[in-house]
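Chain by chain, the residues:
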Amino acid sequence: PALIETLKDEDPEVCWLASEALRKIGTDEALAAWAGFEPEGSVPKLVKQLKNRDKTFRADAAKALRDLGSEAVDAVDALSSALRDQMWNVKAFSAEALARIGAKAADAVPNLIRVLTDEDVRVRKPAAQALGK
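These notes cover the structure that comes with them. Predicted, not measured: the structure shown is a model, and the values here were computed from it.

## Observations concerning helix H9 (residues 121–132)
What sets the pattern is the α-helix's 3.6 residues per turn: residues three or four places apart point alike.
Okay, step 1: Compared with the 16 Å implied by 1.5 Å per residue over twelve residues, the 16 Å span of H9 between its first and last C-alpha is a close match.
Okay, step 2: Within the span of H9, buried status applies to Val123, Pro126, Ala127 and Ala130. Along H9, the residues classed as buried sweep out an arc of 105 degrees about the axis, all on the same side. Seen from the buried face of H9, the exposed residues on the opposite side, beyond 90 degrees, are Val121, Lys125 and Gly132.
Okay, step 3: Along its buried surface, H9 packs onto helix H7 (88–101) and helix H8 (109–115).
Okay, step 4: Between the side-chain oxygen at the start of H9 and the backbone nitrogen of Arg122 there is a gap of 2.8 Å, and the oxygen is on Asp120.

Parameters and conventions
Residues numbered from 1 in each chain as written. Predicted model: local features only at pLDDT ≥ 70, side-chain atom pairs only at ≥ 80, totals over all residues. Heavy atoms only, no water. Helix = DSSP H or I, 4+ residues; strand = E, 2+ residues; numbered from the N terminus. Expected span 1.5 Å × (residues − 1). Buried < 20%, exposed > 50% of the residue type's maximum accessible area, 1.4 Å probe, protein only. Arc of directions from axis to C-beta. Contact = heavy atoms within 4.5 Å. Polar contact = N/O pair within 3.5 Å; in protein donor to acceptor, adjacent residues only side chain to side chain.

Just distances and angles here, no functional claims.
Printed below as a string of structure tokens:
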């Protein structure tokens, strides 16, 4: 109940932490609250988190956008920019998100091509898959 109430906090990072905790707790009540916190307007919040100083926030946001699939189409520019992140997992999740968006992510092609030369195969592989889509 305290985490559900925390979803109303003025600080978006506090809300984000509470929502992720509820998602991970996974009870019916927690998931219902989490689902209520993740309406259509969640994409802008996730895009904002892609720019967070904390690498965990950035990775979680990229992963959540990946999980939204084609619903994350409004995040294409942010995901394309996230391909330049220092963290391999942010880049990999961003490439996977772009792959799930498909042809509507065509604007990201130049950055996906650049990522094909990344030193980490965990980044190159999803970039190649995204280009295939």
